[in-house]
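Listed below, chain by chain, are the residues.
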There are 2 protein chains.
Amino acid sequence: MAAAGSDLDDLVTRARDGSARAVAQLISLVEDGSPRVRDLAAALAPHTGHAVVVGLTGSPGVGKSTTTSALVSALRADDRRVGVLAVDPSSPFSGGALLGDRVRMSEHATDPGVFIRSMATRGHLGGLAAAAPQALRVLDAAGCDVVLVETVGVGQSEVEVVALADTTVVLLAPGMGDGIQAAKAGVLEIADVFCVNKADREGADATVRELQNAMSMARRESGPGWRTPVVRTVASAGQGVDELMAAVDAHRAWMVEHGRGDEGRRRRARAEIEAIALADLRAQLRAVSGSAALDALAGEVAGGELDPFAAADRLREAAVDDG
Amino acid sequence: MAAAGSDLDDLVTRARDGSARAVAQLISLVEDGSPRVRDLAAALAPHTGHAVVVGLTGSPGVGKSTTTSALVSALRADDRRVGVLAVDPSSPFSGGALLGDRVRMSEHATDPGVFIRSMATRGHLGGLAAAAPQALRVLDAAGCDVVLVETVGVGQSEVEVVALADTTVVLLAPGMGDGIQAAKAGVLEIADVFCVNKADREGADATVRELQNAMSMARRESGPGWRTPVVRTVASAGQGVDELMAAVDAHRAWMVEHGRGDEGRRRRARAEIEAIALADLRAQLRAVSGSAALDALAGEVAGGELDPFAAADRLREAAVDDG
């Protein structure tokens, strides 16, 4: 898959012409942590800045993939070019999304206006924080109007999807946890749009009501601003999907209107630069000290012979001495 | 709350004598990222090595807090001293667990054989990866036989709980996602014990069966070893809790029997040393380059004038020049 020599410029040109194959190859380069990602980043930089990134997150089982697929249909009906980046940070060991997602997406597989890509998070060069913005840049350069980033909540991945997206949609489903659980999961602060999917199920009204109550309390604290809407969908039947898309567009318009249109892009850039710089430092640390040295230090700490701060100092000193 | 001068040795002595107040003050020092954590780590190191750490993780709504509370009761009935560390990595913005957990734990609040502590993950010095092992060390030194670490899945936090625990219990509930979702969430690889809570609900049999099927397939690939049991509980009614505790103890015994008794402790130490070393490097990076410099670089990257790798190089160069 690796591109040799001047193939890189050629790949970028073909991706910009809309070749799905070229896009896939470029994202593979990013995902594989190719040494040529640096050249690629430089080649892509001037062609980016158009795509809007919409993050979708929520616990397993809320119907993220189905909702994403329904949004793709809605965007295509509106003649917008769509990229989908399905990030699965929940499987660090097996390292990848299951076939299921791709199967559910298969209705869009032959649409030349849709690029779909699954990404694992365990990666090179700072993991998701570094690789996903690169992949987004590829999709941006390829002419996508909107890129949907689907990621599993809850936890760290939610922070990451916020760092990636211009607009963040948090999905919930009835009966998967009450209002307290939602607040506990920290989703109130990160959602630009709430989507209660599977809204034909029992408990949907209660879920919507609890969200609205929790938000009206949060609003009282934080003052005026964007009012996070709660949209009901039955994504599997296409119900409410246009309303969801309208809410996403409304948030985008609100941000632009309030002079905050490039916040998402800057946030992505900041996270990415830090992730790359930190990954370089980490590589330096690991390469110099070696995992055998770390294991020995860990053994001393585990045995109570050394405290972890002293061990960390020794690890860094070793890096500096040899570096 | 900060301890001055020789108070630190005094606090450690009082914590070892079983003072809940001293334990709380010591964990606060860790959580606040006090500069004295280094002295504290050195003071605690010789007194540790006894406690077994049991991690409990699962999606919001599966009943982690209720199960944890029921396990505390079971352990107390067995006359074991218990620490509870409720880690809530899902609320990085609000920074802490809600009152709910503590309310549910309140039956144990007056038991001198139980220490309960909630921790936020956004923290100093490497966040959870660095602070939680320190807090565990405090609870270990205070004479806990078992420390239960409760953390919200799914995602990064599951990896972290594995890094912390000797034995990891993954909780599921019927109807919150099928077998594919469980596999997707990467829990098969991290669970030492599966607990299907709310087992009186419809779908419990199906959840257990799907887990067992998925595991028997996984086993065929990975060969013989510990056979992850699936325990059914109705934690709110105390049902199955003794069986859950027995499964946890059996895993611990199996690890010791197979010469792997100190794996968890070494893993915690390794993660902690790396987290501290990396946090120090990160602090160096941030302090030298300053966030204004990073913002300027992010602006250039966002505007397509600079690629992120070049920006990361500049950030690191600034750190080296001034460092």
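Residues numbered from 1 in each chain as written. Chains lettered and ligands numbered in written order. Predicted model: local features only at pLDDT ≥ 70, side-chain atom pairs only at ≥ 80, totals over all residues. Heavy atoms only, no water.

- Chain A appears in an unreviewed UniProt entry as Methylmalonyl Co-A mutase-associated GTPase MeaB from Actinomycetospora endophytica.

### Focus on the overall build of chain A
- What chain A contains, in helices and strands, is 13 helices and seven strands.
- Looking at chain A residue by residue over its 323 residues, the buried ones come to 55%.
- Taking the intrachain contacts of chain A between residues at least 6 apart in sequence as the baseline, contacts between residues at least 24 apart amount to 77%.
- Surface summary for chain A: the accessible area is close to 12900 Å², and the carbon and sulfur share equals 49%. (Helix = DSSP H or I, 4+ residues; strand = E, 2+ residues; numbered from the N terminus. Buried < 20%, exposed > 50% of the residue type's maximum accessible area, 1.4 Å probe, protein only. Contact = heavy atoms within 4.5 Å. Areas by Shrake-Rupley, 256 points an atom, 1.4 Å probe, with all protein chains shown as cover.)

### What to know about helix α3 (residues 37-44) of chain A
- Val37, Leu40, Ala41, Ala43 and Leu44 of chain A are the residues of α3 of chain A that are buried. Relative to the axis of α3 of chain A, the buried residues are bounded by an arc of 165 degrees and lie together on one face. (Arc of directions from axis to C-beta.)

### Comments concerning the nonpolar core
- Membership of the largest hydrophobic core comes to 100 residues, with the highest contact counts inside it found for Leu26, Leu85 and Ile273 of chain A together with Leu26, Leu85 and Ile273 of chain B.
- Discounting chain neighbours no more than four positions away, the residues touching Ile273 of chain B are Leu294, Leu297, Ala298, Val301, Pro308, Ala311, Ala312 and Leu315 of chain A. (Core = buried A, V, L, I, M, F, W, Y, C linked by side-chain atoms within 4.5 Å.)

### Notes on the side chain of Asp166 of chain B
Residues and elements named next belong to chain B.
- Tracing the sequence through the fold places Asp166 in the loop between α7 (156-164) and β5 (167-172).
- Exposure remark for Asp166: the relative accessible area of 6% places this residue in the buried category.
- Reaching out from Asp166, the side chain makes a polar contact with the side chain of Arg268 at a distance of 3.5 Å.
- With near-sequence residues (within four places) excluded, Asp166 lies in contact with Ala51, Val52, Val53, Asp192, His251, Arg252, Gly261, Gly264, Arg265 and Arg268. (Polar contact = N/O pair within 3.5 Å; in protein donor to acceptor, adjacent residues only side chain to side chain.)

### Observations regarding the environment of Ala131 of chain A
All names here are of chain A.
- Tracing the sequence through the fold places Ala131 in helix α6 (residues 127-141).
- You can call Ala131 buried: its relative accessible area is 13%.
- Separated by 100 residues in the primary sequence, Ala131 and Glu31 have C-alpha atoms spaced 6.3 Å apart.
- Each residue touching Ala131, except ones within four places of it in the same chain, is listed here: Val30 and Met119.

### Re the pairing of strand β1 (residues 52-58) of chain A
All names here are of chain A.
- Extensive coverage of β1 is indicated by the burial of seven of its seven residues.
- Side chains Val52, Val54, Leu56 and Gly58 project from β1 onto one buried face, and the interleaved Val53, Gly55 and Thr57 project onto a second face that is buried too.
- Inspection of the sheet shows β1 paired to strand β5 (residues 167-172) by four bridges, in the parallel sense. Across the sheet, residue Gly55 finds its bridge partner in β5, namely Thr168. (Pairing = 2+ DSSP bridges.)

### Regarding the packing of helix α1 (residues 7-16) of chain B against helix α3 (residues 37-44) of chain B
Residues and elements named next belong to chain B.
- At a minimum axis distance of 10 Å, the contact between α1 and α3 shows a crossing angle of 45 degrees. Relative to α3, the element α1 is oriented oblique. For the element pair α1 and α3, the recorded crossing hand is right-handed. From α1, Leu8, Asp9 and Val12 reach across to α3, where they touch Asp39, Leu40, Ala43 and Leu44.
- Class assignment for the residues of the contact of α1 with α3 results in five nonpolar, no polar and two charged. (Axes fitted to C-alpha atoms, helices over the stretch in contact; angles between N-to-C directions. Parallel < 35°, antiparallel > 145°, perpendicular 65-115°, else oblique. Left-handed = near helix turned anticlockwise from the far one by under 90°. Nonpolar A, V, L, I, M, F, W, Y, C, P; charged D, E, K, R; others polar.)

### A short note on helix α4 (residues 64-77) of chain A
Residues and elements named next belong to chain A.
- Taking 1.5 Å of rise per residue, 14 residues should cover 20 Å, and α4 covers 20 Å from first to last C-alpha, within 8% of that figure.
- Of all 14 residues making up α4, 10 are buried, and the element is well covered by its neighbours.
- Positive phi shows up at Asp79, right after α4, with a value of about 65 degrees. (Expected span 1.5 Å × (residues − 1).)

### Section: the pattern of salt bridges
- Throughout the structure, instances matching the rule amount to 24 salt bridges over all chains.
- In this structure, Arg252 of chain A and Asp166 of chain A form a salt bridge, with 4.0 Å as the shortest nitrogen-oxygen distance. With Arg252 of chain A in helix α11 (residues 241-257) and Asp166 of chain A in the loop between α7 (156-164) and β5, this residue pair connects regions lying 86 residues apart in the sequence.
- Here Asp295 of chain B makes a salt bridge to Arg270 of chain A, at a shortest N to O gap of 3.0 Å. Residue Asp295 of chain B is located in helix α12 (residues 263-302), and its partner Arg270 of chain A is located in helix α12 (residues 263-302); the two belong to separate chains.
- Counted as one network, the salt bridges with shared partners bring together Asp78, Arg80 and Asp249 of chain A. (Salt bridge = Lys/Arg side-chain N within 4 Å of Asp/Glu carboxyl O.)

### A few points about the packing of aromatic side chains
All names here are of chain A.
- This model, assessed by the stated rule, comprises two aromatic pairs over all chains.
- Seen in terms of ring centroids, Trp226 and Trp254 are 6.0 Å apart; in terms of plane orientation they differ by 55 degrees. Their pairing is tilted. Of this pair, Trp226 sits in the loop between α10 (204-222) and β7 (230-232) while Trp254 is found in helix α11, placing the two residues 28 residues apart along the sequence.
- Since its relative accessible area comes to 18%, Trp254 is described here as buried. (Phe/Tyr/Trp six-rings, centres within 6.5 Å; stacked < 30°, edge-to-face > 60°.)

### Here's the deal with the environment of Val87 of chain B
Residue and element names in this part refer to chain B.
- Looking at the secondary structure, you find Val87 in strand β2 (residues 82-88).
- Owing to a relative accessible area of 5%, Val87 belongs among the buried residues under this scheme.
- Spatially, the C-alpha atom of Val87 lies 5.9 Å from that of Ser118, the residues being 31 residues apart in sequence.

### A few points about the pairing of β5 of chain B
- Across the six residues of β5 of chain B, six count as buried, placing the element largely inside the fold.
- In β5 of chain B, alternate side chains face the same way, and those of Thr167, Val169 and Leu171 of chain B on one face and Thr168, Val170 and Leu172 of chain B on the other are all buried.

### As for the environment of Gln134 of chain A
- By the element assignment, Gln134 of chain A lies in helix α6.
- Distance in space between the C-alpha atoms of Gln134 of chain A and Leu40 of chain A is 9.0 Å, their sequence separation being 94 residues.
- When neighbours within four sequence positions are excluded, Gln134 of chain A is seen to be in contact with Val30, Ala41 and Glu272 of chain A together with Pro308 and Phe309 of chain B.

### Comments concerning the confidence of the model for chain A
All names here are of chain A.
- Here chain A averages 79 in pLDDT, and 76% of its residues register 70 or above.
- Contacts for the low-pLDDT stretch residues 89-103, under 50 throughout, to residues beyond four places or in other chains number 35 contacts.
- Of the regions scoring below 50 in pLDDT, residues 122-126 engages in 14 contacts with residues more than four places distant in sequence or in other chains. (pLDDT = per-residue confidence, 0-100.)

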